[in-house]
Amino acid sequence: MGLTKQYLRYVASAVFGVIGSQKSNIAFVTLRGGEKGRYVAVGACEHVFIWDVRKAEKVLILEGKKHEVTYLCPSPDGVHIAVGYEDGGVRIFSLQNGESNISFSGHKSAVSAMRYDALGARLVTGSRDTDVIVWDIINECGLYRLKGHKDAITQVLFLENKNLLITSSKDSFVKWWDLDTQHCFKTMVGHRSEVWGMVLLNQENRLLTGSADSELRAWDIQYMEKGKEVGEPQEKKVKTLLDDVEDDEGLDEEPEERILSCKKAGSVLREARDRVVSLITDAKAKVLACHGLDATLEIFTVLSEEEIQKKMDKKLKRAKKKARSQEGGEETPEPVVERKLSDEIQKLANVKASSKIRSMDCLRAPNGEMKVALLLQNNTVETYTIKTTEKNPTGTKTFWLTLSGHRTDVRTLAFSSDNIAILSASGETVKVWNRSTLQVIRTMGCEYALCSLFVPGDRQIILGTKSGKIQIFDLASGSLLETADAHDGALWSMCLSPDQRGIVTGGADKTVKFWDFELIKDEDSGKNKRLTVKHTRTLQLDEDVLCVRYSPDQRLLAVSLLDCTVKIFYTDTLKFFLSLYGHKLPVLCLDISHDSALIATGSADRNVKIWGLDFGDCHRSMFAHDDSVMFLQFVPKTHLFFTAGKDRKIKQWDADKFEHIQTLEGHHREVWCLAISPSGDHIVSSSHDKSLRLWERTREPIILEEEKEMEREAEFEESLAKGDDPVVPGETKGEAEPAGKKTIETVKAAERIMEALELYREESKKLEEHRAACEAAGKELPPLKMNPILMAYGNISPSRYVLEVMKKVRSSELEVSLLVLPFPYVPDLLRLFNSYVQQGLEVELVCRCLFFLLRIHFGQITSNQMLLSVIDELRTNTISKVREIRDVLGFNSVGLQFLQREIESKEDVMFFADATDHFEEKKRKRRKRERAILTIA
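Along every chain, residues carry numbers that run from 1 in the direction the sequence is written. Thresholds applied to this predicted model are a pLDDT of at least 70 for local features of residues and 80 or more for the giving and counting of side-chain atom pairs; totals over whole chains, interfaces and linings are not thresholded and use all residues. With hydrogens and water set aside, each side-chain value is computed from the structure's full complement of heavy atoms.

Considerations on the overall build of the chain
Line of reasoning, step 1. A run of H or I in DSSP becomes a helix once it reaches four residues, and a run of E becomes a strand once it reaches two; helices and strands are each numbered from the N terminus. What the chain contains, in helices and strands, is 12 helices and 57 strands.
Line of reasoning, step 2. C-alpha extents for the chain along the principal axes are approximately 120 × 105 × 90 Å.
Line of reasoning, step 3. Buried, partly exposed and exposed residues are distinguished by accessible area as a fraction of the type maximum, computed with a 1.4 Å probe on protein chains only: under 20%, between the cut-offs, and over 50%, respectively. Split into buried and exposed, the 937 residues of the chain put 50% on the buried side.
Line of reasoning, step 4. Throughout, a residue-residue contact means that at least one pair of heavy atoms, one from each residue, lies within 4.5 Å. Taking the contacts inside the chain whose residues are at least 6 apart along the sequence as the reference set, 49% of them involve residues at least 24 apart.
Line of reasoning, step 5. Think of it this way: Lys and Arg go in the positive column, Asp and Glu in the negative one, and His and the chain ends go nowhere. Where a charge lies is defined by one atom per residue type: Lys uses NZ, Arg uses CZ, Asp uses CG and Glu uses CD. In the chain, 132 side chains carry a positive charge and 142 a negative one; their mean positions are 5 Å apart.

Set out below in structure tokens:
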């Protein structure tokens, strides 16, 4: 059947206007060959933007999929960055090329904290789902999930020396985990409210925590000696364990003191009274920075032991002097000076940002200069420099990123007549963007803008403001030409007349006003003329005007009122023509088709109605969005129109067939407005997430039946992935659990493995039948026809095909995929594993799968007599093969170490040779200079 009507697909083209999203943090990164402190990474909706703060340019975009970025964590070597998302996923990007090859899925909600270990081999993530997961970066899989907190995780820290982990949460607890045994051995309960941040100081011997008050609490960490632990008598151990069982709380008993003890050492007072939002230190923990919900950043310095000793000596000297002066000549006891926390952690400086701080990161240079990057809540990034070596340092603002975005939400958009320029206006500025480069052409200060348009000729723009004024700007000079008082209340809507000679405005003062364009002599220059608007007519109404639109033939004027109706008047006489009743809430947007035949209205009641303009009859009412319909516009020269809603979606509709064509998803907050280019090839939309999005029309046709089928499949897959996670046989619900999570990818991977095993069974059966037939006939029969799937893989054997399928399963999803696999497929897999190990094929992968299957199906495998011989062969073969691989790795490791020593020794020799040559050259030059001086003398 041929296509009766063809629609063309719109796709996302670009995201701009957002400098940094509020849900994510900011982090310093180092690009290839770049200097430290020059580049910062920020989350921008679902992407990560890398900004060069010196040039105020976007140098790299790490593209996400559809979920918002919630946390960033650069790796210790600076080559990679881990990105956590709203859905709980984690992806690791390379900062060299911006590609992502590693992704993890284990959390059920947004990632709220992340930290690498010192080597960058492990990554720990905390989430709002209260779980903490430790991931193996090298093997690209999850190690284990730690459960115990009752609220969202706020911070995670590694104690590298002891292989311990510290986690803090909004449940007011700080938990200490032993990663060797994967259990919580200590819970700190010294906080009365949520713990929002933690840092380690004094070479991991002090912990500083920030809570919902003005105190930064300090805790001294003392590691227990192993000798004491081993030397305990057996009776004491038994008594301690019994006491631990009898005690309900079990928080401060002897078993916890076996690894370390953590006691409160005092507190540091902040100036701010609200909660801590961020608490961080530089790499060497010499400088501490924290901030709350306001615009002030507080910086403290952590003194070294030598500096503290000097300070205490000075205090003791002053105390002795004071004692001698008070007592006269009498002998007095030696004064004692108590060491306080304020002597170790001192206030350094306060930095006042231009707006409230959302997140921060700091970097300390070897010369003592500290760089601080701040992500502010008004879509701005600022960097400051503080010289920590000075006595009273002050923060100096060095760079700031403001031009590439608005401070407040964009409430109005417009396209120029040549489809090249885009106008966006917010509460404080109006910007004009180049559509192809997405660069800002002009930025001009304005009042709170609600509606806008380009004047014919695209040399001026007109804004309607919340205070009821009309503002006219000249684009060439970027100056405000005129501000005219138009309405007594907010100017909600503005429309250009079809003859392009004037505009019509509607406001909250219950009037519709008509204006004509005029050129008047500019008083400043005296010779040139400038544009102005002249008020010609006023239409008085009974309710506030929300939206006005001309019909393209300029015969009618449609006015949306606060009483939920749309009234239509004749343009020439302003006589009443029609009233459109039907919406239950006010009509927020409307538009008229190019042939003046249809009018579409969108309302706060979430419905869109299509009316005929000849009799005012309602052709169809459609439930359009899950929240208020904020904007509606027809595609030029068609009966297709787009709607934007507070439900974060943009939808395309057919006004003739009353069908929903396409949904454009991408915004993460309410969509306020959109604009369609005069050619219809581009759409730009703005949202409460501070982003502007560009959508582009492609040549790809949309077939509605296929779209509906794809939507149903997506819903089914989503429901499948949301099902209960499979239960691991023999596993009890405790503190440590497997890290994986059931997703649609793991289900599909298990299905692919099952299909490969089914193909292996069929091909094996065919081969056996063929051999039997050959034996019965006593001669060679023609070879079997190769399976097309195996031919596509290069005529490989069925057993190798199963291995290829398993190799293509992502490492992080392998365990969960095998967990979903039914047991009847496991015996075949075990036999295949035996053959793989004997041939030396992918021994590491095979051993990983083998050990996992043995652990989860232990009871059924051991009770199956047929598998005894297979298991016995696997035991001998795997041990020998693993030993071989270990020997090879050991030999290679020793060889590489030998080569490293050889290279280092050669470099040292070269270094000394260069230094000797340089010294000889200097001596020769000195002798030559001395001879020249003697000759002159």
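Topic: the sheet that holds strand β23 (residues 287-291)
Line of reasoning, step 1. Paired strands, as defined in this entry, are two strands with at least two bridges between them according to DSSP. A sheet is described by the order of its strands in space; here four strands give the open sequence β22-β23-β24-β25, paired in antiparallel fashion. Every other strand in the sheet has two partners, leaving β22 (278-281) and β25 (345-352) as the edge strands with one partner each. Between one strand axis and the next, the sheet turns through 20 degrees on average, direction left out of account.
Line of reasoning, step 2. Sheet analysis places strand β24 (residues 296-302) next to β25, joined by seven bridges and oriented antiparallel. The residue bridging Val302 from the neighbouring strand is Ile345, located in β25. All axes here are fitted lines through C-alpha atoms, helices being fitted over the stretch that makes contact, and every angle between N-to-C directions spans 0 to 180 degrees.

Quick word on helix α9 (residues 826-839)
Line of reasoning, step 1. Working rule for helices: expected span equals 1.5 Å times residues minus one. An ideal rise of 1.5 Å per residue puts 20 Å on 14 residues; α9 measures up with 20 Å between its terminal C-alpha atoms.
Line of reasoning, step 2. With 10 of 14 residues buried, α9 lies mostly within the body of the structure.
Line of reasoning, step 3. Those residues of α9 lying buried are Val826, Pro827, Asp828, Leu829, Leu830, Leu832, Phe833, Asn834, Tyr836 and Val837.
Line of reasoning, step 4. Looking one or two residues past α9, Gly840 carries a phi angle of roughly 75 degrees, positive in sign.

Concerning the nonpolar core
Line of reasoning, step 1. Definition used in this section: a nonpolar core is a set of buried Ala, Val, Leu, Ile, Met, Phe, Trp, Tyr and Cys residues joined via side-chain atoms within 4.5 Å. In terms of nonpolar packing, the biggest core is built from 39 residues, with Leu818, Leu829, Leu830 and Phe833 touching the most fellow members.
Line of reasoning, step 2. Counting residues per element, the ones that place at least two in this core are α5 (744-777), α7 (798-807), α8 (814-820), α9, α10 (843-856) and α12 (868-936).
Line of reasoning, step 3. Setting aside residues up to four positions removed in sequence, Leu818 forms contacts with Ile753, Met806, Leu829, Cys849, Phe852, Leu853 and Ile856.

Quick notes on the sheet that holds strand β42 (residues 545-550)
Line of reasoning, step 1. Pairing in this open sheet of four strands is antiparallel, and the strands run β42-β43-β44-β45 from one edge to the other. Both edges of this open sheet fall to β42 and β45 (576-580), since each of them pairs with a single strand only. Across this sheet, the average inter-strand angle for adjacent strands is 20 degrees, counted without regard to direction.
Line of reasoning, step 2. As judged from the five bridges shared by strand β43 (residues 556-561) and strand β44 (residues 566-570), these two strands associate in the antiparallel manner.

Quick notes on unusual backbone geometry
Line of reasoning, step 1. Positive phi, close to 75 degrees, is recorded for Thr130, a residue that is not glycine.
Line of reasoning, step 2. If you trace the backbone, Thr130 turns up in the loop between β11 (122-127) and β12 (132-136).
Line of reasoning, step 3. Positive phi, close to 75 degrees, is recorded for Cys564, a residue that is not glycine.
Line of reasoning, step 4. With respect to the secondary-structure elements, Cys564 resides in the loop between β43 and β44.

Considering the environment of Thr663
Line of reasoning, step 1. Structurally, Thr663 is set in strand β53 (residues 659-665).
Line of reasoning, step 2. Sequence separation between Thr663 and Leu95 is 568 residues; the distance between their C-alpha atoms is 33 Å.
Line of reasoning, step 3. Look past the residues within four positions of Thr663 in its chain and what remains in contact with it is Lys649, Ile650 and Lys651.
Line of reasoning, step 4. In terms of polar contacts, Thr663 uses its side chain to reach the side chain of His660, at 2.8 Å. The definition of a polar contact used here is a pair of N or O atoms within 3.5 Å, where within protein one atom must be able to donate a hydrogen and the other to accept one, and adjacent residues in sequence count solely through side-chain atom pairs.

Thoughts on α7
Line of reasoning, step 1. Within α7, seven of the 10 residues are buried, which leaves it mostly tucked inside the rest of the structure.
Line of reasoning, step 2. All of the buried residues in α7 are Ser799, Tyr801, Val802, Leu803, Glu804, Val805 and Met806.
Line of reasoning, step 3. Each element contacted by the buried residues of α7 is listed here: α5, α6 (788-792), α8, α9 and α10.

Examining the side chain of Ser799
Line of reasoning, step 1. Following the sequence through the fold, Ser799 ends up in helix α7.
Line of reasoning, step 2. Here Ser799 is in contact with Tyr760, Leu832 and Tyr836, once residues within four sequence places are set aside.

A few points about the packing of aromatic side chains
Line of reasoning, step 1. What counts as a ring pair is set by centres within 6.5 Å for rings of Phe, Tyr and Trp (its six-membered ring), and what kind of pair is set by the plane angle: stacked under 30 degrees, edge-to-face over 60, tilted for all other angles. Applying the stated rule across the entire model yields eight aromatic pairs.
Line of reasoning, step 2. Consider the rings of Phe49 and Trp51, whose centres lie 6.2 Å apart with planes at 75 degrees: the pair is edge-to-face. Like Phe49, the residue Trp51 is buried in the burial classification.
Line of reasoning, step 3. For the ring pair Phe104 and Trp135, a centre distance of 4.5 Å and an interplane angle of 15 degrees mean the geometry is stacked.

Side note on a nonpolar patch on the surface
Line of reasoning, step 1. On the surface, Leu896, Phe898, Leu899 and Ile903 cluster together into a nonpolar patch covering about 410 Å² of accessible area.
Line of reasoning, step 2. For Leu896, the location among the structural elements is in helix α12.
Line of reasoning, step 3. Given a relative accessible area of 57%, Leu896 falls into the exposed group. By definition, no residue in a patch forms a salt bridge, and every one has over 30% relative accessible area; like charges are joined within 9 Å, nonpolar side chains (Val, Leu, Ile, Met, Phe, Trp, Tyr) within 5 Å. Only the protein chains shown count as cover for residues, and the accessible areas themselves come from Shrake-Rupley with a 1.4 Å probe. Salt bridges are identified by distance alone: a Lys or Arg side-chain nitrogen within 4 Å of an Asp or Glu carboxyl oxygen.

A short note on the side chain of His667
Line of reasoning, step 1. For His667, the position within the fold is in the loop between β53 and β54 (671-676).
Line of reasoning, step 2. A relative accessible area of 5% places His667 in the buried class.
Line of reasoning, step 3. Among the polar contacts made by the side chain of His667, one reaches the side chain of Ser685 at a distance of 2.7 Å.
Line of reasoning, step 4. In contact with His667, not counting residues within four places along its chain, are Arg648, Ile650, Ser685, Ser686, Ser687, Asp689, Ser691 and Arg693.

Remarks on the packing of α7 against α9
Line of reasoning, step 1. Running from N to C, α7 and α9 cross one another at 95 degrees; their axes reach a closest spacing of 11 Å. By the angle between their axes, α7 is roughly perpendicular relative to α9. Touching Ser799, Arg800, Val802, Leu803 and Met806 of α7 are Leu829, Leu832, Phe833 and Tyr836, all from α9. For classification purposes, an angle smaller than 35 degrees is called roughly parallel, one larger than 145 roughly antiparallel, one from 65 to 115 roughly perpendicular, and anything else oblique.

Quick word on the pattern of salt bridges
Line of reasoning, step 1. Taken as a whole and judged by the stated rule, the model has 37 salt bridges.
Line of reasoning, step 2. Residues Asp828 and Arg761 are paired through a salt bridge, measuring 2.5 Å at the closest nitrogen-oxygen approach. Pair noted here: Asp828 is in helix α9 and Arg761 is in helix α5, with a separation of 67 residues, a long-range link.
Line of reasoning, step 3. Residue classification places Arg761 among the partly exposed residues on the basis of a relative accessible area of 29%.
Line of reasoning, step 4. Here Asp828 makes a salt bridge to Arg831, at a shortest N to O gap of 3.7 Å. Here the residue Asp828 and the residue Arg831 both occupy positions in helix α9, the gap between them amounting to three residues, near one helical turn.
Line of reasoning, step 5. Owing to a relative accessible area of 16%, Asp828 belongs among the buried residues under this scheme.
Line of reasoning, step 6. Salt bridges linked by common partners bring Lys23, Glu68, Glu86, Arg128 and Arg669 together as one network.

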